[in-house]
Amino acid sequence: MDPSSSSPPFRPGLEGVPATQSAICDIDGQQGLLTYRGYDVDELADRSSFLETAYLLIWGDLPTASQLASFQHEVQMHRRVSFRIRDMMKCFPATGHPMDALQSSAASLGLFYSRRALDNPEYIFEAVVRLIAKIPTMVAAFQLIRKGQDPIQPRDDLSYAANFLYMITEREPDPLAARIFDACLILHAEHSLNASTFSARVTASTLTDPYAVVASAVGTLAGPLHGGANEDVLAMLETIGNADRVEAWLDQAIAEKQKIMGFGHREYKVKDPRAVILQRLAEDLFDRFGHDPLYDLARQLEDAAAVRLGPKGIYPNVDFYSGLVYRKLGIPRDLFTPIFAIARTAGWLAHWKEQLGANRIYRPTQIYTGTSDLSWVPLEAR
């Protein structure tokens, strides 16, 4: 009897296999609903702030006024990074991708702060604060370093979102731009057990320090099948070029079975609720700062795709409009995925903390497909 016949069915990529129990995030892909700790993401993006949402994700409840003020203050006070980390980043090649720089920099924080006191609430709080505070600073620092400039120091008088935009653009942002960017961070803060979050939980299950947990998640997010699709959306729209080519381009792409960037999602069979909000944010930006003709192409492509792909449950996902928002904010294209990491650090840390609460090291099984019963062959006989 084949010993594998009694094994559980093999599902590539663990698709649909429950790997943990979590109270952090819930997705209803049929209705297009996304909630963080029971709160609709639309309401959070409209009424909350990123730091308040991060607190909610990590500690499970919306903070009181004093708790939020204390958390915001601690994050403000820990935004700066050691000159040794900045000096290390100056040794990185200017042509290197910002995600590789971020992964290395995030991991280096463990050299300074790792004690692995995972049963100490004070250590956990300090680690959360340091990572949420310093990840944006490191992204912004590499952006200027690779241009041959010294990094700009964070400003304690600016909000979380405004400070990041200030550090990469070297000017204080318009309040509307800062508010819209803050909402973008909320939308990207968490999304259940995606690849990078699973990576974070696997790493956390070994009881290593949270800096290694975040570094492993950044490395996973850097892969083109997970992060970076919003960059590809802009490239796709630029390739289409003008409104007259939209339908012909789409028909050809479908006929050739090309991937339509920014469309389709493993969870959603309707339009991604985050895409709905990002489209609204994009229009708010255009009303204030001027229109982007690529947005018209995006709208036209969405309409054409609704007819051709909608019946298959393929609609715009979070990446379809986010690149247009970041482009209007003046953010370089290869920083789009590092910004994803800035936001998702909150979700990764929420899952890290939850994993610690009922930890068991991840050790899935495998189905062996190799050969058996081979005999050793001496080197001279091979």
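Keep in mind that this is a model prediction, so the values were computed, not measured. Per-chain numbering applies: the sequence of each chain, read as written, is numbered from 1 onward. For a predicted model such as this one, the threshold for reporting local features is a pLDDT of at least 70, and the threshold for listing and counting side-chain atom pairs is 80 or more; totals across whole chains, interfaces and linings nevertheless cover every residue. Only hydrogens and water are removed before side-chain values are computed, so all heavy atoms of the structure are retained for them.

### With respect to the overall build of the protein chain
- Helix and strand assignments come from DSSP, with helices taken as H or I runs of at least 4 residues and strands as E runs of at least 2, each series counted from the N terminus. Counting its regular elements, the protein chain contains 16 helices and 3 strands.
- Overall, the C-alpha framework of the protein chain stretches about 70 × 55 × 50 Å when taken along its three principal axes.
- Residue contacts are defined here by distance: any two heavy atoms, one from each residue, within 4.5 Å place the two residues in contact. A sequence separation of at least 24 residues applies to 76% of the contacts in the protein chain between residues at least 6 apart.
- Method for areas: the Shrake-Rupley scheme with a 1.4 Å probe, in which residue coverage is limited to the protein chains shown. Within the structure as shown, the protein chain displays about 18400 Å² of accessible surface, and the carbon and sulfur contribution to it stands at 51%.
- Charged side chains in the protein chain number 38 positive and 46 negative. The centres of these two groups are separated by 4 Å. Counted as positive: Lys and Arg. Counted as negative: Asp and Glu, with His and the chain ends omitted from the count. To locate a charge, take NZ of a lysine, CZ of an arginine, CG of an aspartate or CD of a glutamate.

### Structural notes on the pairing of strand β1 (residues 25–28)
- Residues C25 and I27 line the buried face of β1, whereas the alternating positions D26 and D28 sit on a face that is not buried.
- The pairing of β1 with strand β2 (residues 33–36) spans 4 bridges and is classified as antiparallel. Each residue of the ladder has a partner; that of D28, found in β2, is L33.
- In this scheme, strands are said to pair when DSSP sees at least two bridges between them. What sits between β1 and β2 in their antiparallel hairpin is a turn of 4 residues, with G32 showing a positive phi close to 75°. Whether a residue is buried, partly exposed or exposed follows from its accessible area with a 1.4 Å probe, protein chains only, as a fraction of its type maximum: under 20%, in between, or over 50%, in that order.

### Thoughts on the pattern of salt bridges
- Between Lys or Arg on one side and Asp or Glu on the other, a salt bridge is scored when a side-chain nitrogen of the former is within 4 Å of a carboxyl oxygen of the latter. For the structure on display, the rule yields 18 salt bridges.
- Its salt-bridge partner being R274, residue D272 comes within 2.8 Å of it at the nearest N-O pair.
- In this structure, D292 engages R327 in a salt bridge whose closest nitrogen and oxygen atoms are separated by 2.7 Å. On the criterion of sequence distance, the pair formed by D292 in the loop between α13 (273–289) and α14 (293–308) and R327 in helix α15 (residues 319–328) is long-range, its members being 35 residues apart.
- Linked by salt bridges that have partners in common, E238, D292, R327 and R333 make up one network.

### Quick notes on the packing of aromatic side chains
- For this analysis, a ring pair means two rings from Phe, Tyr or Trp (six-membered ring only for Trp) whose centres lie within 6.5 Å, classed as stacked if their planes differ by under 30 degrees, edge-to-face if by over 60, and tilted for the remaining angles. Per the counting criterion, the structure on display carries 17 aromatic pairs.
- Taken together, a centroid distance of 5.6 Å and an interplanar angle of 10° make the contact between F164 and F181 stacked. Residue F164 is found in helix α7 (residues 160–169), and its partner F181 is found in helix α8 (residues 175–187); the two are separated by 17 residues along the sequence.
- The exposure class of F164 is buried, given its relative accessible area of 2%.
- On the accessibility criterion, F181 (0% relative accessible area) is buried.
- Centre to centre, the rings of Y326 and F336 are 5.4 Å apart; their planes meet at 55°, and the pair counts as tilted. Linking Y326 in helix α15 with F336 in helix α16 (residues 336–357), this pair joins segments that are 10 residues apart in sequence. The same class applies to Y326 as to F336, namely buried.
- A network of ring pairs unites the aromatic residues F263, F286, Y295, F320 and Y321 as a single cluster.
- A ring is scored as having a charge over it whenever the NZ atom of a lysine or the CZ atom of an arginine sits within 6 Å of its centre and within 35 degrees of its normal. Against the face of Y166 rests R155, its NZ or CZ located 5.1 Å from the ring centre.
- Sitting over the face of the ring of W376, R382 holds its NZ or CZ atom 4.6 Å from the ring centroid.

### A short note on helix α10 (residues 210–221)
- By definition here, a helix of n residues has an expected span of 1.5 Å times n minus one. With 12 residues, α10 extends 16 Å from end C-alpha to end C-alpha; this agrees with the ideal 16 Å at 1.5 Å per step.
- α10 sits mainly inside the fold: 9 of its 12 residues count as buried.
- Three or more residues of α10 are buried, namely P210, Y211, V213, V214, A215, S216, A217, V218 and L221.

### Description of the side chain of T203
- Inspection of the secondary structure assignment puts T203 in helix α9 (residues 195–204).
- Definition of a polar contact: a pair of N or O atoms within 3.5 Å, with one able to donate and the other able to accept a hydrogen when the atoms are protein atoms, and with sequence-neighbouring residues admitted only if both atoms are side-chain atoms. One polar contact links the side chain of T203 to the main-chain carbonyl oxygen of S199, over a distance of 2.9 Å.
- Residues contacting T203, with those up to four places away along its chain left out, are T208, A212, V213 and S216.

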